[in-house]
Each structure stands twice: as structure tokens, then as C-alpha cells.
Amino acid sequence: MVYTLCFEDMSKRLTLFIASCVVLVASAEEPGRCSPIPGAERLWARSEVRWVLVGEMHGTNESPAVFGDLVCSALETKRTIIAGLEVRDQQALDGFMDSKNRETRVKELLSTDEWKGTDGRASSAMLALLERFRLLKAKGLLSRVIAFSASGGSAARDEEAMLSALLIASTGNPDALVIVLTGNVHASKQELAEVGSYRLMGSFLPPAQTVSLLVTDRGGEAWNCQDGSCGPHTLASSAGVNRGVTLISPHAGYDGVLSTGLAATASTPANR
């Protein structure tokens, strides 16, 4: 009788242990997990908005993380969601997003020339963002992730090439909400007042349908290359004190800010 009771007790404990493991695995694979973005509900309440451009300083952990949370928060709109990232290789991106063998696809992705870069677009934080998007897509919550990048021509033509890639990729979904992470300059809705002034990517999209947000933070560091030195470099504070979306911006060319509320930390290249 004693042995029977012990067996039954162990059996119950084993069942509970297995159940708890299943819950932990499910939680780890849950693509909808995200931290709330204060103020995002006011952005998504604007049904006329089709394009949301988020301009970051490449090379931090915090910008891709808060962008992922913003995309996650957009799921409440029940609209078709397309995410855009400033990378070149759509084929490699599609391969990763559609793969069920993560380890193999990560190796394949990191073997491409693009992911050997050091300007922040090939960072560990960006790879983590892609993984979040892969899980969202597998659940049918994210329609697709589109690649867009400079063509290698003149600065003005680069802006138009980036825009063209976004427009072509989203043509089949005219009612989709397209949320884009790009360098902060490209997201601006104005001209760049430098030698040979030219229009930036954000300025070509319909103003009433486009919201441009500048990522702000409390300063910190970003991993990039400056003056021949690649590594963590200091960022000045951009007054991003409180995390969230604010649809009023003190920065010309932007409709608002997306603040991380944190001091930025440098994200090393994913290939390191």
C-alpha cells in the first residue's frame, strides 16, 4: 500500500512537472508577447494611417526591441500588418521567416554578406527582432517582412530606391498597415539641406496616410563605425525620458516620437 501511494504521488508530480514544462515552452514561443507602448492606441485609432516610419540610430538593443513592441501593439487593429526592415536581401529574409528549422536558417542568414556588416543593421538585436517576427508570421499575425535598402547610387536615388521597394512589396495589400524601421534620416518627411539638397524617403509618401516617428532615448551607446573605429560609441540624450508614442514632435520632419525611455546600450554584430 505504501508503494502504491508513493507511485501515485510521483505520478502526479511528474504530470505537473510535464505540464509546467509545456507551459514554459509555450510561453517562450508565444509571439504575441510584448511590453505595452503607452500612446500607441492613439496612433492605431487613426484609421487613415497606412504608413508608419520609425527612424532609429542603428546599433542599439533598445530601438529594435521597442519597434517590435510597436508592431506587436498594432495587432489590436485587426488589419493586415506588414513590417519593413532596412536590409537588402529579400530572398534570405524570406527564407528565415518561412523556416521551421531556426538553427539552419540563422546560419544561412549570417553567412550572407549583408549580415557581416557592422553598421547596426546586422546586429544581435536585429536578429532577435527577426525571430520575434518569424514567430508572429508563423501564427498568422504578421503578413510578411519586406526588405528595402539603398541601391548604392546617389543619395537622392537611394531614397527613391528604398521607397520603391516598399511600394512594390506592399502593392498587393492596399489596405495593409506598413510599419517600417529605418535610419532616422530616411524616415524624415522633409528635404535634406546639404550639398545638392534632396528629398528623403518619408517625404514621398502621402502625408495624411503617413506618420513618421523618431526614436528617442536617454543617451547611451550604439555599435557602429566612426572615424575608422568600429565598436560602441556614445549617443547624446535625445530627451526620450518616458517610454511610449507621442504624436507631437519637436524635431522637424517627424510627426512624433517613439521613446524607449531607457539609456541605449550597444548591440554587437550578430556574427561576432
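Data block above holds the structure.
Because the structure is a prediction, the values reported are computed rather than measured. (Residues numbered from 1 in each chain as written. Predicted model: local features only at pLDDT ≥ 70, side-chain atom pairs only at ≥ 80, totals over all residues. Heavy atoms only, no water.)

Q: Help me out: how do you make sense of helix α3 (residues 62–73) in this one?
A: Working note: α-helix, 3.6 residues per turn, so residues spaced by three or four point in the same direction. Between its first and last C-alpha atoms α3 spans 16 Å; for 12 residues at 1.5 Å apiece the expected length is 16 Å, and the two agree. Buried residues dominate α3, accounting for 11 of its 12 residues. The complete set of buried residues in α3 reads E62, S63, P64, V66, F67, G68, D69, L70, V71, C72 and S73. (Helix = DSSP H or I, 4+ residues; strand = E, 2+ residues; numbered from the N terminus. Expected span 1.5 Å × (residues − 1). Buried < 20%, exposed > 50% of the residue type's maximum accessible area, 1.4 Å probe, protein only.)

Q: What should I look at first to understand unusual backbone geometry in this one?
A: Negative phi values dominate among residues other than glycine, just as trans dominates among peptide bonds. Even without a glycine there, the phi angle at K78 is positive, about 65°. For K78, a relative accessible area of 75% translates into the label exposed. Phi is positive for A239, which is not a glycine, with a value near 65°. Along the polypeptide, A239 turns up in the loop between β9 (229–235) and β10 (244–246).

Q: How should I be thinking about the side chain of S188 in this particular structure?
A: Among the secondary structure elements, S188 is positioned in the loop between β4 (177–183) and β5 (191–192). By relative accessible area, which is 3% here, S188 ends up buried. Beyond its immediate stretch of four places on either side in the chain, S188 contacts L200, M201, G202, S203, S212, A252, G253 and Y254. (Contact = heavy atoms within 4.5 Å.)

Q: Which parts of the structure should I look at to understand the nonpolar core?
A: Soluble globular proteins: nonpolar side chains tend toward being buried together. Grouped together as the largest cluster of nonpolar side chains are 45 residues, with contacts concentrated most on V52, L70, L85, F133 and I179. No other element matches the six residues that helix α6 (residues 124–138) contributes to this core. Dropping the residues within four chain positions of it, V52 is found in contact with L43, W44, L70, L177, V178, I179, V180, V211 and L213. Counting 17 residues, the second-largest nonpolar core is a separate cluster that includes I146, L163, L166 and Y254. (Core = buried A, V, L, I, M, F, W, Y, C linked by side-chain atoms within 4.5 Å.)

Q: Please explain the pattern of salt bridges as it appears in this structure.
A: Once the charged atoms of two side chains with opposite charge are near each other, the side chains can pair. Scanning the entire structure with this criterion turns up 12 salt bridges. In this structure, the salt-bridge partner of R105 is E108, at a minimum N-O distance of 2.5 Å. Of this pair, R105 and E108 are both found in helix α5 (residues 102–110), three residues apart, which corresponds to roughly one turn of the helix. We classify E108 as partly exposed; its relative accessible area is 38%. The salt bridge partner of E131 is R134, with a shortest N-O separation of 2.9 Å. Of this pair, E131 and R134 are both found in helix α6, three residues apart, which corresponds to roughly one turn of the helix. The same class applies to E131 and to R134, which are both buried. The network of salt bridges with common partners includes D69, R132 and R243. (Salt bridge = Lys/Arg side-chain N within 4 Å of Asp/Glu carboxyl O.)

Q: Would you mind showing me how to read the pairing of strand β2 (residues 81–85) here?
A: Within a regular strand, the side chains alternate between the two sheet faces. Where burial is concerned, most of β2 is hidden: five out of the five residues are buried. Here β2 shows a buried face lined by I81, A83 and L85 and a second buried face lined by I82 and G84. Pairing of β2 with β4 involves five bridges; the strand directions are parallel. Among the inter-strand pairings, I81 is bridged to a residue of β4, identified as L177. Across four bridges, the pairing between β2 and strand β3 (residues 144–147) is parallel. What sits directly across from L85, in β3, is A147. (Pairing = 2+ DSSP bridges.)

Q: Is there a simple way to explain the state of the cysteines in this structure?
A: Each disulfide is one covalent bond, formed between the sulfur atoms of two cysteines. Per the counting criterion, the structure on display carries one disulfide. A sulfur-sulfur separation of 1.9 Å characterises the disulfide bridge that pairs C225 with C230. One quick way to see it: the torsion about the S-S bond of C225 and C230 is about 105°, and its sign makes the bridge right-handed. C225 gets classed as partly exposed once you look at its relative accessible area, which sits at 38%. The exposure class of C230 is partly exposed, given its relative accessible area of 40%. (Disulfide = S-S within 2.5 Å.)

Q: Explanation requested: the packing of helix α4 (residues 90–97) against α5 in the structure shown.
A: Geometry of a packed helix pair, given as the angle between the helix axes and the separation of the axes. Packing of α4 against α5 brings their axes to within 9 Å, and their N-to-C directions diverge by 165°. Viewed along their axes, α4 and α5 adopt a mutual orientation that is roughly antiparallel. Seen along the crossing, α4 lies across α5 with a hand that is left-handed. Of the residues in α5, those touching α4 at A92, G95 and F96 are R105, V106 and L109. Class assignment for the residues of the contact of α4 with α5 results in four nonpolar, one polar and one charged. (Axes fitted to C-alpha atoms, helices over the stretch in contact; angles between N-to-C directions. Parallel < 35°, antiparallel > 145°, perpendicular 65-115°, else oblique. Left-handed = near helix turned anticlockwise from the far one by under 90°. Nonpolar A, V, L, I, M, F, W, Y, C, P; charged D, E, K, R; others polar.)

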